[in-house]
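These are the residues of each chain, in order.
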Amino acid sequence: MTRIESVSLRRVLDSRGNPTVEADVLTESGGFGRAAAPSGASTGEYEAIELPPKEAIAKAREHAVPRLVGSVHAGNQRDVDAALHAADGTEDFSEIGANSAVAISMAASKAGADVLGAPLFQHLGGTFRDADRTFPVPLGNVVGGGEHAADATHIQEFLSAPVGAPSVAEAVFANAEVHAAVADILADRGIPAAKGDEGAWAPAVDDSEAFDIVEEATERVAEAVGFEIKFGLDVAASELYDADAGVYRYGDDERTPDEQVDYMAELVDEYDLAYVEDPLDEDDYDGFAELTERVGDRTLICGDDLFVTNVERLSRGIDEGAANSILIKPNQIGTLSDAFDAVELAQRNGLDAVVSHRSGETEDTTIAHLAVATDASFIKTGTVGGERTAKLNELIRIAEEAV
Ligand SMILES: O=C(O)[C@@H](CO)OP(=O)(O)O
Ligand SMILES: [Mg+2]
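The protein chain is annotated in an unreviewed UniProt entry as Enolase from Halobaculum marinum. Checking UniProt for the protein chain, the heading Pathway (unreviewed entry) contains the comment "Carbohydrate degradation; glycolysis; pyruvate from D-glyceraldehyde 3-phosphate: step 4/5."

Now the structure itself:
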């Protein structure tokens, strides 16, 4: 019933104004799914390969579409994703492009859900998934720089984490209030700020001042809403690391890898950080392990560029104790099945899963469903801006089972 009848691919715009791949999957029984690939700016070296959209579409039409149409059932995600792998034939989707692969994979999942008449989170997570009982806490990017904004902070993202929120809706609104409080504090201090790629404020301040501002903003909003709001970071340290010199560069300041571990551990204690993503370079499993050993009992040390949603890199990380959580980005690995495998391996080994957007996004809401389906602890998907609120508002609907 869910056999795929057609797959259409086109270029659409992402939030940075770049073209990206969108896929429509139609089943023989009339089920329909549409999804679009996001795109990173601070991409990990070991991510699956994103091809220029025109090329990705041409290659997918040539190799993947004929394998899917008339033979694979959209409701069977493993078969869809196996066909994509077979069509590509490489380890990193460099033949058809991870952007084509992930768009088709996600669109097929939606077509499968549509045939069942089930919400996507339930199709992906199983019928016993109860979106009301536990929900992923949204990490809201409120101040940032790095690769997402020029002349702003060195640390890429300062993330509001409303860990005490009683509902997903209240968590989403709290993050928006923190975003607004940051604007007020910046205005009070006479600091102008544009927004970065993900909608976070991107003021030209030192990282130390950004800590001060975000701490004040989260405390202010926590007091007003009456529940705990912590904050966290995506350091995106691979972008700061100068491998030739063997140092992390924060503008004119530099830190050796040992000093970087100390600095991160100090920040965790000074600001009671809930979450630290990519505190070290993507090749530094040892540094990750040392930091996790030191502070992993009181914060999440999350591997993004370190793991790139890849079970092989994650297995090594688990063996070496390199982190206690993994960032899950379907386009880093190319299919939903691969992303699920990474979540399962992580959770079986006691690591938390954190589902994430990319800095270049579309209105696609798949990751909101993925986060609920996998029982992820957190979802990182911005705070404001249409491509971010698309996911946040979908989370609110999911919690109400109004999808
Ligand atoms: O580093 C990250 O976690 C992401 C999303 O915030 O950024 P990008 O998509 O640019 O890799
Ligand atoms: Mg990251």
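Moving on, there is more to tell.
Novice: How would you sum up the pattern of salt bridges? Please name residues and give values.
Specialist: Counted according to the given criterion, the structure contains 30 salt bridges. Linking Asp212 and Arg189 is a salt bridge whose minimum nitrogen-to-oxygen distance equals 2.8 Å. Of this pair, Asp212 sits in helix H7 (residues 207-225) while Arg189 sits in the loop between helix H6 (168-188) and strand E6 (193-195), placing them 23 residues apart in sequence. Accessibility expressed as a relative area gives 35% for Asp212, which makes it partly exposed. The exposure class of Arg189 is partly exposed, given its relative accessible area of 32%. Of the charged contacts, one joins Arg220 and Glu216 as a salt bridge, the two residues approaching to 3.0 Å between their closest N and O atoms. With Arg220 and Glu216 both in helix H7, this residue pair falls four residues apart, about one helical turn.

Novice: So what's going on with the coordination of the magnesium ion (ligand 2)? Residues and values would help.
Specialist: Ligation of the magnesium ion (ligand 2) by protein atoms is provided by Asp234 (OD), Glu277 (OE) and Asp304 (OD), these donors lying 2.0 to 2.2 Å from the ion. When the donors of the magnesium ion (ligand 2) are listed by position in the chain, the intervening gaps give D-x42-E-x26-D. With a gap of 43 residues between them, Asp234 in strand E8 (residues 230-234) and Glu277 in strand E12 (residues 275-277) connect regions that are remote in the sequence. Judged by relative accessible area, Asp234 falls into the buried class, the value being 1%. For Glu277, a relative accessible area of 0% translates into the label buried.

Novice: Explain the nonpolar core to me, using residue names and the numbers behind them.
Specialist: Leu9, Leu68, Phe158, Val182, Phe211, Val235 and Ile328 are the most contacted members of the largest nonpolar core, which has 112 residues in total. Of all the elements, helix H4 (residues 98-116) adds the most residues to this core, at ten residues. When residues of this core are sorted by domain, at least three fall in each of domain 1 (4-117) and domain 2 (137-399). Those residues in contact with Ile328, other than ones at most four positions away along the chain, are Thr309, Ala339, Ala342, Val343, Ala353, Val354, Val355, Ser356 and Leu370. Leu139, Ala161, Tyr275 and Leu300 belong to the second-largest nonpolar core, a separate cluster that totals eleven residues.

Novice: So what's going on with the layout of surface pockets? Residues and values would help.
Specialist: Considered as a void within the structure, the largest pocket measures approximately 310 Å³ in volume. Around the largest pocket, the lining comprises 15 residues; the ones closest to its centre are Glu91, Asn310, Glu312, Ile333 and Asp338. Listing elements by their share of the lining of the largest pocket, those giving two or more residues are helix H10 (311-320) and helix H11 (330-333). Taken together, the residues that form the lining of the largest pocket break down as five nonpolar, five polar and five charged. Each of domain 1 (4-117) and domain 2 (137-399) contributes no fewer than three residues to the lining of the largest pocket. Its boundaries defined by the atoms lining it, the second largest pocket holds a volume of some 230 Å³. Along its surface, the second largest pocket is lined by Ala152, His154, Ala204, Val205, Asp206, Asp207, Ser208, Tyr250, Asp253, Arg255 and Tyr263. Broken down by secondary-structure element, the contributors of at least two residues to the lining of the second largest pocket are H7 and strand E11 (253-255). Looking at the lining of the second largest pocket residue by residue, the classes come out as five nonpolar, two polar and four charged.

Novice: How would you sum up the UniProt feature "active site" (unreviewed entry) in the protein chain? Please name residues and give values.
Specialist: Under the UniProt annotation, "active site" (unreviewed entry) lies at Glu198 and Lys329. Among the annotated residues just listed, those lining the largest cavity are Lys329. Note that Glu198 resides in the loop between E6 and strand E7 (201-203). Given the relative accessible area of 4%, Glu198 is considered buried. Looking at the element boundaries, Lys329 is found in the loop between strand E14 (325-328) and H11.

Novice: Provide a residue-level description of the sheet that holds E11, including the pertinent values.
Specialist: Reading across from one edge, E9-E10-E11 is the order of the three strands in this open sheet, with antiparallel pairing throughout. Bordering the open sheet on either side are strand E9 (241-242) and E11, each of which pairs with just one other strand.

Novice: Provide a residue-level description of the sheet that holds strand E1 (residues 4-13), including the pertinent values.
Specialist: Spatially, E1-E2-E3 is the arrangement adopted by the three strands of the open sheet, whose pairing is antiparallel. Of all strands in the sheet, those with a lone pairing partner are E1 and strand E3 (32-36), marking the two edges. Within this sheet the neighbouring strands show an average axis-to-axis angle of 15 degrees, counted without direction. Two strands pair when backbone bridges link them, and strand E2 (residues 19-27) and E3 are joined in this way by five bridges, in the antiparallel orientation.

Novice: Describe helix H1 (residues 53-63), listing the residues and the values that go with them.
Specialist: The set of residues buried in H1 consists of Pro53, Ala56, Ile57 and Ala60. Mapping the buried residues of H1 onto a view down its axis gives an arc of 95 degrees, with all of them on the same face. Within H1, the exposed residues directed more than 90 degrees away from the buried face are Lys54 and Glu62. Against E1, E2, helix H2 (65-68) and H4 lie the buried residues of H1.

What counts, and at which threshold
- Residues numbered from 1 in each chain as written.
- Chains lettered and ligands numbered in written order.
- Predicted model: local features only at pLDDT ≥ 70, side-chain atom pairs only at ≥ 80, totals over all residues.
- Heavy atoms only, no water.
- UniProt positions renumbered as here; feature names shortened; annotations may be inferred.
- Salt bridge = Lys/Arg side-chain N within 4 Å of Asp/Glu carboxyl O.
- Helix = DSSP H or I, 4+ residues; strand = E, 2+ residues; numbered from the N terminus.
- Buried < 20%, exposed > 50% of the residue type's maximum accessible area, 1.4 Å probe, protein only.
- Donors = N, O, S within 2.8 Å, 3.2 Å for Na, K, Ca; no water.
- Core = buried A, V, L, I, M, F, W, Y, C linked by side-chain atoms within 4.5 Å.
- Domains from an automatic or database assignment.
- Contact = heavy atoms within 4.5 Å.
- 1 Å grid on protein atoms, 1.4 Å probe; cavity = no way out; pocket = protein on both sides within 12 Å on 5 of 7 lines; lining within 4 Å.
- Points joined across faces, edges and corners; volume = space filled by probe spheres on them.
- Nonpolar A, V, L, I, M, F, W, Y, C, P; charged D, E, K, R; others polar.
- Pairing = 2+ DSSP bridges.
- Axes fitted to C-alpha atoms, helices over the stretch in contact; angles between N-to-C directions.
- Arc of directions from axis to C-beta.

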